[in-house]
Amino acid sequence: MTGPLSSPTVRPLDPQQLARVPGVLGRIVHERAADYAAARPELGPPRPASRRFENALRAPDASALALIAEVKRASPSQGAIAPLDPAAAARAYAQGGAAAISVLTEPRHFDGDREALLAVVDAVGLPVLRKDFVVHPAMLREAAEWGAAAALLMVSVLGEATAGYLAAAHHLGLDALVEVHDEHELDVALAAGARIIGVNNRDLTTLHIDLAVSPRLIRRARERGFAGVLVAESGYRSAGEIQAVRGLAGAVLVGSSLAGSGDLARAARELMAS
Ligand SMILES: O=C(O)c1ccccc1NCC(=O)[C@H](O)[C@H](O)COP(=O)(O)O
């Protein structure tokens, strides 16, 4: 229950839930669970919803597409991408027309941290997404305390706990980007009451990218009557590839191709040119 006076009870994922997550993703979530094993699970008092992230992605017309540009210095699929200064990168993305900034805070595989997120929140007026592998409610409390407007919730990790974590994010005034990669995960996100659904083209078990995944699942979400924001995520390198989700998605989330471009503002502008 999530009334204004009650705080949703959300438990850290237990070893059985973590064991369901295979591959690279499984390793990352085990590490994150260990990082937060001693953290307090309480969410603390409710915070007002700003809806800044959601509103930034709501396109003024059906053909407009918002960009969520990601501060991504490294990844399991690419290794080192670029030694970005997070504040400078975020300012460049803002100049390039980004509607929101995603900041990875996972340290071992993505070279992210709390300082990167704080620096970006300080540097730009755009809403900031905390991109991490949420397995513990303390990670959401931190996101709110650090000034993020939104947090990532992955159905592939949270499974049936997704609805509880979504309520926890909303209790903290955060928007949630609820991420899915297949039909079953989409059904879980819809049943959980997600307002923003991200469709990841990257299979996080194999790291294989298939740009047909986003259009397919976005169409399915609309067929199911979903009226919220849909985000196409991962693997976009050219304006031509982005074209495939215009008129379908409300936003695209792009990391590696922008972060590794050398001129982030220009790369963002060129990528989003229609
Ligand atoms: O990017 C990876 O290699 C990766 C591996 C394992 C788990 C998550 C991973 N990435 C997270 C993301 O979803 C992306 O950072 C984001 O969607 C941007 O993707 P891209 O534009 O392809 O960098």
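Structure shown above.
Residues numbered from 1 in each chain as written. Predicted model: local features only at pLDDT ≥ 70, side-chain atom pairs only at ≥ 80, totals over all residues. Heavy atoms only, no water.

### Topic: the sheet that holds strand 10 (residues 251-254)
Part 1 of the argument: Pairing is parallel around the closed barrel formed by eight strands, whose spatial order is 1-4-5-6-7-8-9-10. Going across the sheet, the axis of each strand differs from the next one's by a mean of 25°, ignoring polarity.
Part 2 of the argument: Pairing of strand 9 (residues 229-233) with strand 10, which is carried by three bridges, proceeds in the parallel orientation. Pairing of Val231 across the sheet is with Ala251, part of strand 10.
Part 3 of the argument: Across the sheet, helix 5 (residues 114-123) is in contact with strand 1 (66-71), strand 4 (100-104) and strand 5 (128-131); its angle to strand 5 comes to roughly 175°.
Part 4 of the argument: Lying over the sheet, helix 9 (residues 183-192) contacts strand 7 (175-180) and strand 8 (196-200), oriented at roughly 155° with respect to strand 7. (Pairing = 2+ DSSP bridges. Helix = DSSP H or I, 4+ residues; strand = E, 2+ residues; numbered from the N terminus. Axes fitted to C-alpha atoms, helices over the stretch in contact; angles between N-to-C directions. Contact = heavy atoms within 4.5 Å.)

### Re the site of the ligand
Part 1 of the argument: Taken together, 19 residues form the shell around the ligand, and within it Glu70, Lys72, Ser77, Ser234 and Ser256 come nearest.
Part 2 of the argument: In the model, an oxygen atom of the ligand is placed 2.7 Å from a nitrogen or oxygen of the Arg202 side chain.
Part 3 of the argument: A distance of 2.9 Å is found between an oxygen atom of the ligand and a backbone nitrogen or oxygen belonging to Gly235. (Near = heavy atom within 4 Å. Polar contact = N/O pair within 3.5 Å; in protein donor to acceptor, adjacent residues only side chain to side chain.)

### Examining the side chain of Thr162
Part 1 of the argument: Relative to the helices and strands, Thr162 resides in helix 8 (residues 162-171).
Part 2 of the argument: Reaching out from Thr162, the side chain makes a polar contact with the backbone oxygen of Gly159 at a distance of 2.6 Å.
Part 3 of the argument: In this structure Thr162 touches Val155, Val178, Val188 and Ala192, once residues within four positions along its chain are discounted.

### Side note on unusual backbone geometry
Part 1 of the argument: Here the phi dihedral of Asp111 falls at roughly 55°; this positive angle occurs in a residue that is not glycine.
Part 2 of the argument: Structurally, Asp111 can be placed in the loop between strand 4 and helix 5.
Part 3 of the argument: Exposure remark for Asp111: the relative accessible area of 41% places this residue in the partly exposed category.
Part 4 of the argument: In the Ramachandran plot, Ser234 falls in the positive-phi region, its phi being about 80° despite a non-glycine side chain. (Buried < 20%, exposed > 50% of the residue type's maximum accessible area, 1.4 Å probe, protein only.)

### As for the pairing of strand 7
Part 1 of the argument: The element strand 7 is largely enclosed, with a buried count of six among its six residues.
Part 2 of the argument: Judged by which residues are buried, strand 7 turns out to be covered on both faces: Asp175, Leu177 and Glu179 on one side and Ala176, Val178 and Val180 on the other are all buried.
Part 3 of the argument: Bridge count between strand 6 (residues 150-154) and strand 7: five bridges; the pairing is parallel. Within strand 7, the residue paired with Met154 across the bridge is Glu179.
Part 4 of the argument: Examined bridge by bridge, strand 7 and strand 8 share four bridges and lie parallel to one another. Opposite Glu179, over in strand 8, you have Gly198 as the bridge partner.
Part 5 of the argument: A crossover connection joins strand 7 to the parallel strand 8 through helix 9; in handedness this β-α-β unit is right-handed. (Right-handed = clockwise from strand over helix to strand, strands pointing away.)

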